[in-house]
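Understanding the architecture of this molecule
Each chain is listed here by its residues.
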Amino acid sequence: MDAEIHDELRAVARDLLGKAGPAGRPDWQLLAGAGWPGLEVPGALDGADATFAETAVILAELGRAAARSPYLGIVVLGIGTLTQLEPAPDRDKLLREAATGAGAPVAALADGDDESGTSAPFRIERSARGLRLHGRAAFVPDAAQAGRLLLLALDPGGVPVIANVEPHAPGLGVAAQPVLDATRRLALVTADNVEVRQTSVWRFAGDPQGTIRRLLDRAAVAVACDSLGLSEAMLAATVAYAKVREQFGRPIGSFQAVKHACADMLVQVSVARELVAQAVSQLAENDPHATVAASMAKSHACGTAVDVVGKAMQLHGGMGYTWESGVHVYLKRAALNRSLFGSPAAHRRRLAGRYLAQSTVLAKPTVIARSGQLPAARLAFASSPAGTSPTRTTECPSSSRPNTSGQISQH
Amino acid sequence: MSSEPRDLEEFRAAVRDWCRTHVPRGWRQAQTGVSDEEYVSFQKAWFHELRQAGFAVPHWPKQWGGGMPVAGQVVLYSELAAHDAPRLVLAFVAIHHAAATLLAAGTDEQRRRHLPAILDGEIWVQGFSEPGAGSDLASLKTTARRDGDRYVVNGQKLWASGATHADWCLLLARTGPAAPKRRGISYFLLDMRTPGIDVRPIRQATGESHFCEIFLNDVVVPATQLVGPENGGWRVAQQTLGAERGMTMLELAERLGQAGFRWLVESCARPGPGGRRPLDDGLVQDRLAVFETEIAGLRALCRRLVDDHEAGPPGPAGASIVKLYYSELLQRMTDFGTEVAGLAAHTELRKPVSSGWESGAWVLDFVGSWEWTIPGGTSEIQRTIIAERGLGLPREPIGS
C-alpha cells in the first residue's frame with residue numbers, strides 16, 4: 001500500500017481514537033468495524049490482505065492516544081501468530097472470526113521475566129492420559145481478556161508449536177498483574193498439567209525458529225511504533241504549551257533553554273521515526289535482516305520515548321507533574337514499553353553479538369603515525385613531483401563541511 | 001539492502017569493481033605527512049579519476065554531467081567509503097556550494113563559464129564569515145561599492161577553508177549600507193587572482209592551518225559577477241545553501257557508517273597491553289550498539305532529506321536536524337574512540353590528508369570534531385533554527 005492509503009488510515013484512526021479522548025478506551029466493536037483486527041488476515045478469510053506496514057500505522061496512533069486497547073495482545077500477538085500457522089479448519093475458523101473482531105485470541109510467545117527471550121515459555125509432555133501442558137509466561141499483554149490463548153510450547157519432540165487452549169481450562173491460571181501504567185493490561189499465564197487435545201496443537205507453516213524470531217521482532221517493533229506515537233504526541237503537547245504559557249512577560253517557548261530542549265526532542269523523535277520506519281518496512285517485506293532493524297528500532301524508539309516524555313513533564317512545569325495533566329500516563333506507558341519485549345540493553349546485546357562474530361575479519365585502518373612517507377609515484381595515478389614546501393603539521397581535511405543555514409543567522 | 005532492485009545491484013557491483021582497480025593502494029600511508037603541493041595534486045588527480053568514471057558530480061543535473069538518481073548516489077557513496085577511497089576535500093565547495101549557487105541563481109553565462117571549469121578542477125572557497133559576523137552572519141561589514149560597471153570590495157573574511165588553494169570565492173558583501181542588515185547584502189563570484197586579495201592561514205586546534213583569513217583591499221569585481229539581484233544576496237545564500245546540504249550529508253553519513261563505525265569496532269577488538277580487548281567488555285559492546293543504531297538513523301534521515309528535496313521543498317528544519325545530529329554523533333564517536341584506544345592513540349601525531357572525519361587516529365579526529373559543531377552554524381544556532389522553523393516556537397527578541 002502506498003503513502004496515500006497510510007495517510008488516510010492514519011487520519012481515520014486519529015479521528016476514531018480522538019473521540020475516546022487521551023488514555024481513553026475506544027470501543028473494540030468500533031475498531032473492529034473499521035477493519036483493524038483483520039488488516040493482516042488473508043482475503044480468503046475475510047481479512048484485508050494488508051501487511052504489518054498498515055498495522056504499524058494503527059499502532060503509532062494507539063500510542064499517540066495512549067489508548068486502552070487490547071490491540072497489542074489480540075492483533076499483534078494473537079492474529080499475528082495465527083497467520084503464521086499451518087492452515088487447518090479450526091485455525092481458519094478462529095482467524096476468520098478474529099478478523100471481524102470476535103474470539104479475542106491472545107498469544108503468549110515469551111515470558112516477560114526472561115530477558116533472553118529465546119526459549120518457549122511452555123512445554124507439552126506426553127502422559128498416560130494424553131498430552132499435558134506445563135509452564136509459565138509473565139507479563140503477557142491482554143491475556144486476562146483473551147477468549148482464546150495461544151501458548152508457544154515445545155512439543156514432546158522439542159519442536160515449537162502453538163497450544164490452543166481455553167482460558168478457563170482446568171490447571172490453567174491467568175492472573176492479572178496490575179502495573180502502574182493504567183493503559184495496558186498484563187497477566188501471568190501459568191499451566192500446570194493442562195490437558196491438551198492433539199487437534200489443539202498447531203504447527204507453524206514455516207521454519208518454527210525463524211517464524212518465532214519474526215513474531216517476537218514484530219512484537220518489539222509494534223511496541224516501538226507505540227512509543228514513537230506517544231513521543232510525537234508529547235512533543236506536540238509540549239510545543240503547544242510552550243507557545244502559550246507565559247512567564248517573565250514572554251511565552252516560555254521563546255527562552256533558549258526551553259527552545260533547545262524542544263529541538264532535542266524533535267531530533268530524537270526524527271531519528272526514532274526513521275529507525276521504526278526501516279524496521280516496519282523490512283518486517284512487512286519479510287526481509288531476513290529485519291531482526292537487526294527491529295532491535296535498533298526497539299532500543300532507540302523506546303529509550304527515546306522515556307526521554308521525550310520526561311522532558312515533556314519537565315517543560316510543563318508544575319502543571320506537568322499533576323495527575324490532571326495526564327503527562328504521567330504517557331511517562332508510565334513509555335517506561336513500560338521500554339521493558340516490554342526486550343529492554344534496550346537486551347536488544348543492544350543482540351546487535352553487539354554481530355561485532356564479536358565479525359571483528360576478526362574487519363579490515364584494519366592503515367593509520368601511520370610518524371613516518372610512512374611513501375613516494376607519491378607509488379600511487380596508481382599520482383603525478384606530482386615531490387613537494388618542496390614545508391610538510392603539513394597535521395593532516396585533517398577541513399573544507400569538506402557543508403555550510404548549513406545557521407551560518408546565516410536565525411534572525 | 002537485501003531487497004535492492006536489480007539495476008542498483010548491478011551498479012553496486014560495477015562501483016565495487018571500479019573501486020578495486022582505482023582506489024590507490026596505500027594512499028593513507030602515502031598521504032600522511034605530505035607537502036601542500038602533494039596533497040593538492042593528489043586531490044586533483046583523484047577528482048579526475050572520479051570524473052572519468054562519472055562519479056565526481058553525480059548530484060548535478062544531467063546536462064552538466066550528473067543526473068544520477070539518489071538511490072544510485074547512496075550506493076556510490078557507501079561503496080567508496082567501504083573501499084576506503086580518498087574523499088574529495090579540495091573540490092568540496094566547488095562541486096556542492098558553488099555549483100548549487102550557479103544552478104539556482106547564476107546566469108547562463110556564469111554557469112557556462114564555471115560549471116565545466118569546476119569539472120576541470122577549478123577550486124572554490126566560501127567567503128561568508130567575518131570577525132564580527134559569525135553566528136550573526138547578516139551583520140557582516142565587508143563592503144562592495146558600486147562604481148560604474150564594477151564593484152570595489154573592502155573588508156575581511158574569516159574561516160575560509162582552503163582559501164590558499166582557491167581559484168574563486170563565493171563572496172557576501174554589503175552593497176546597501178543604509179538598508180536593514182539582511183536586505184543590503186549581495187552575492188558575488190570573486191576571482192582569487194584579483195589584485196588586493198591577501199590570504200593568511202590560521203592555525204587550528206588540530207595544529208593544521210586550513211582555515212584562512214582573506215583580506216580584501218580595494219578589490220575590483222565586475223558587475224557581471226553579481227549572482228542574483230543587487231542587495232538580494234541573502235536570499236540567494238539561503239536558497240542555495242539548502243540545495244546542497246542533503247547531498248553533502250548523504251556522503252558523510254555513508255562514510256560514518258561504512259568506514260567510521262567499522263574502525264571503531266576494529267579499535268575495540270585490538271588487545272590492550274594486558275591482552276584484554278575492550279570489545280569483550282559488555283559496556284563497550286553496549287556503546288557500540290548505540291553508535292551503530294544512531295548511524296543507521298542518521299543515514300535514513302539523510303536519504304529522507306534528499307528524497308524530500310527531490311519531491312519538493314523540504315521541511316524547514318530537516319537540514320539543521322541532520323547537521324546537528326551528524327556533528328554531535330561524530331563528536332561522541334570520536335570521543336569514545338579516543339577513550340577505548342587509550343594512551344597509544346595519543347602517539348598518533350598525524351592523520352592522512354584526504355581521509356574522512358573519522359580516520360581512526362581518534363584523538364585528532366576528536367579534536368577535529370569541533371570543526372563540525374562550531375562552523376556552518378553552531379549546534380546552538382541549529383537548535384534555535386530547529387525550534388523556530390521546525391516547531392514554530394516564538395523567536396528570540398532581536399537585539400539592536
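Definitions and cut-offs
- Residues numbered from 1 in each chain as written.
- Chains lettered and ligands numbered in written order.
- Predicted model: local features only at pLDDT ≥ 70, side-chain atom pairs only at ≥ 80, totals over all residues.
- Helix = DSSP H or I, 4+ residues; strand = E, 2+ residues; numbered from the N terminus.
- Contact = placed C-beta atoms within 7 Å.
- Rg over C-alpha atoms; globule rule 2.2 N^0.38 Å.
- Buried ≥ 20, exposed ≤ 12 C-beta atoms within 10 Å, placed from the backbone.
- pLDDT = per-residue confidence, 0-100.
- Axes fitted to C-alpha atoms, helices over the stretch in contact; angles between N-to-C directions.
- Parallel < 35°, antiparallel > 145°, perpendicular 65-115°, else oblique.
- Left-handed = near helix turned anticlockwise from the far one by under 90°.
- Nonpolar A, V, L, I, M, F, W, Y, C, P; charged D, E, K, R; others polar.
- Core = buried A, V, L, I, M, F, W, Y, C linked by C-beta atoms within 7 Å.
- Expected span 1.5 Å × (residues − 1).
- Bend = angle between axes of the 7 residues up to and from the residue.
- Domains from an automatic or database assignment.
- Pairing = 2+ DSSP bridges.

**Quick look at the overall build of chain A**
- Helix and strand counts for chain A stand at 11 helices and 10 strands.
- Counting only contacts in chain A whose residues sit at least 6 apart along the sequence, the fraction spanning at least 24 positions is 73%.

**Digging into the overall build of chain B**
- Within chain B one finds 12 helices and 8 strands.
- Its C-alpha atoms give chain B a radius of gyration of 22 Å, near enough to 21 Å, the size a compact globule of 400 residues would have.
- Seen through its C-alpha atoms, chain B measures out along the principal axes to roughly 70 × 45 × 45 Å.
- A burial count over chain B gives 56% of its 400 residues as buried.
- Looking at chain B alone, contacts between residues at least 24 apart form 72% of all its contacts between residues at least 6 apart.

**Some details on the environment of A:Phe139**
- Relative to the helices and strands, A:Phe139 resides in strand 3 (residues 130-141).
- Each residue touching A:Phe139, except ones within four places of it in the same chain, is listed here: A:Gly112, A:Gln177 and A:Leu186.

**Comments concerning unusual backbone geometry**
- A positive phi angle, near 60°, is found at A:Asn193, a position not held by glycine.
- With respect to the secondary-structure elements, A:Asn193 resides in strand 7 (residues 186-196).
- At B:Trp159, a position not held by glycine, the phi torsion is positive, near 60°.
- Here B:Trp159 shows up in the loop between strand 3 (150-157) and strand 4 (168-174).
- Given 25 C-beta atoms within a 10 Å radius, B:Trp159 is considered buried.

**Remarks on the confidence of the model for chain A**
- Per-residue pLDDT for chain A averages 87, and the proportion of residues at 70 or more is 86%.
- Long-range and interchain partners of residues 360-411 of chain A, a stretch whose pLDDT sits below 50, account for 162 contacts in this model, where long-range means more than four residues apart.

**Points about the packing of helix 3 (residues 52-64) of chain A against helix 6 (residues 208-244) of chain A**
Residue and element names in this part refer to chain A.
- Two elements in contact, helix 3 and helix 6, have axes separated by 6 Å at closest approach and are oriented at 45°. In terms of axis orientation, helix 3 runs oblique to helix 6. In this structure, helix 3 meets helix 6 at a crossing whose hand is right-handed. Each of Phe52, Ala56, Leu59, Ala60, Glu61, Leu62, Gly63 and Arg64 in helix 3 lies in contact with helix 6, whose residues at this interface are Arg218, Ala222, Cys225, Asp226, Ser227, Leu228, Gly229, Leu230, Glu232 and Ala233.
- When grouped by side-chain class, the residues that make up the contact of helix 3 with helix 6 number 10 nonpolar, 3 polar and 5 charged.

**Looking at the nonpolar core**
All names here are of chain A.
- Formed by 251 residues in total, the largest nonpolar core has its most connected members in Leu151, Val221, Ala224, Val276, Ala279 and Val309.
- Top element by residues in this core is helix 6. It accounts for 19 residues.
- Residues in contact with valine 276, not counting those within four places in the same chain, are Val221, Ala224, Cys225, Leu228, Ala297 and Ala301.

**Description of helix 9 (residues 318-345) of chain B**
- Helix length check: helix 9 of chain B, at 28 residues, gives a terminal C-alpha distance of 35 Å against a target of 40 Å (1.5 Å per residue), a shortfall beyond 12%.
- The largest bend along helix 9 of chain B measures about 55° and falls at B:Glu339.

**Description of the domain arrangement of chain A**
Residue and element names in this part refer to chain A.
- Split into domains, chain A comes out as domain 1 (3-202) and domain 2 (208-358).
- For domain 1 and domain 2, the distance between their C-alpha centres works out to 23 Å.
- Contact with domain 1, which involves 32 residues of that partner, is made by 30 residues of domain 2.
- Mapped onto the side of domain 1 that touches domain 2, the elements with two or more residues apiece are helix 3 and helix 4 (71-82).
- A total of 9 residues in the side of domain 1 that touches domain 2 trace back to one element, the largest contributor, which is helix 3.
- For the side of domain 1 that touches domain 2, a count of residues per class yields 20 nonpolar, 7 polar and 5 charged.

**Side note on the domain arrangement of chain B**
Residue and element names in this part refer to chain B.
- Structurally, chain B comprises domain 1 (6-96), domain 2 (123-231) and domain 3 (236-390).
- Between the C-alpha centres of domain 2 and domain 3 the distance comes to 30 Å.
- Domain 2 puts 8 residues into the contact, and the matching count from domain 3 is 9 residues.
- Split by residue class, the side of domain 2 that touches domain 3 holds 5 nonpolar, 3 polar and no charged.

**Brief notes about the pairing of strand 2 (residues 143-147) of chain B**
- With 5 bridges connecting them, strand 2 of chain B and strand 3 of chain B associate as antiparallel partners. From the neighbouring strand, B:Asp147 faces strand 3 of chain B, where its bridge partner is B:Arg150.

**Things to note about the packing of helix 6 of chain A against helix 10 (residues 327-339) of chain A**
Residues and elements named next belong to chain A.
- It is the contact of helix 6 with helix 10, at a shortest axis distance of 10 Å, that shows an interaxial angle of 155°. Comparing the axis directions of helix 6 and helix 10 gives the class roughly antiparallel. Seen along the crossing, helix 6 lies across helix 10 with a hand that is left-handed. Two secondary-structure elements touch here, helix 6 through Val223, Asp226, Ser227, Leu230 and Met234 and helix 10 through Tyr330, Arg333, Ala334 and Asn337.

**Description of the environment of A:Asp226**
Residue and element names in this part refer to chain A.
- Within the secondary structure, aspartate 226 is located in helix 6.
- Exposure remark for aspartate 226: the 33 C-beta atoms within 10 Å place this residue in the buried category.
- Sequence spacing of aspartate 226 and glycine 43 is 183 residues, and the spatial spacing of their C-alpha atoms is 26 Å.
- In contact with aspartate 226, not counting residues within four places along its chain, are Leu59, Leu62, Gly63 and Asn337.

**Points about helix 3 of chain A**
Residue and element names in this part refer to chain A.
- End to end, helix 3 covers 18 Å across 13 residues, agreeing with the expected 18 Å (1.5 Å per residue, within 8%).
- Among the 13 residues of helix 3, 12 are classified as buried, and the element is accordingly described as predominantly covered.
- For helix 3, the complete set of buried residues consists of Phe52, Glu54, Thr55, Ala56, Val57, Ile58, Leu59, Ala60, Glu61, Leu62, Gly63 and Arg64.
- Summarising the contacts, the buried residues of helix 3 are in contact with helix 1 (3-20), helix 4, helix 6 and helix 7 (256-284).

**Considering the confidence of the model for chain B**
- Looking at chain B as a whole, its pLDDT mean stands at 91, while 96% of the residues score no less than 70.
- No element of chain B has a lower mean pLDDT than helix 7 (residues 233-269) of chain B, at 86, and none a higher one than strand 5 (residues 185-191) of chain B, at 98.

**Description of the environment of A:Val57**
Residue and element names in this part refer to chain A.
- Tracing the backbone through its elements, the reader meets valine 57 in helix 3.
- Through-space distance from the C-alpha of valine 57 to that of valine 280 is 9.8 Å; in sequence the pair is 223 residues apart.
- Not counting residues within four places of it along the chain, the set of residues in contact with valine 57 comprises His6, Leu9, Arg10 and Ala13.

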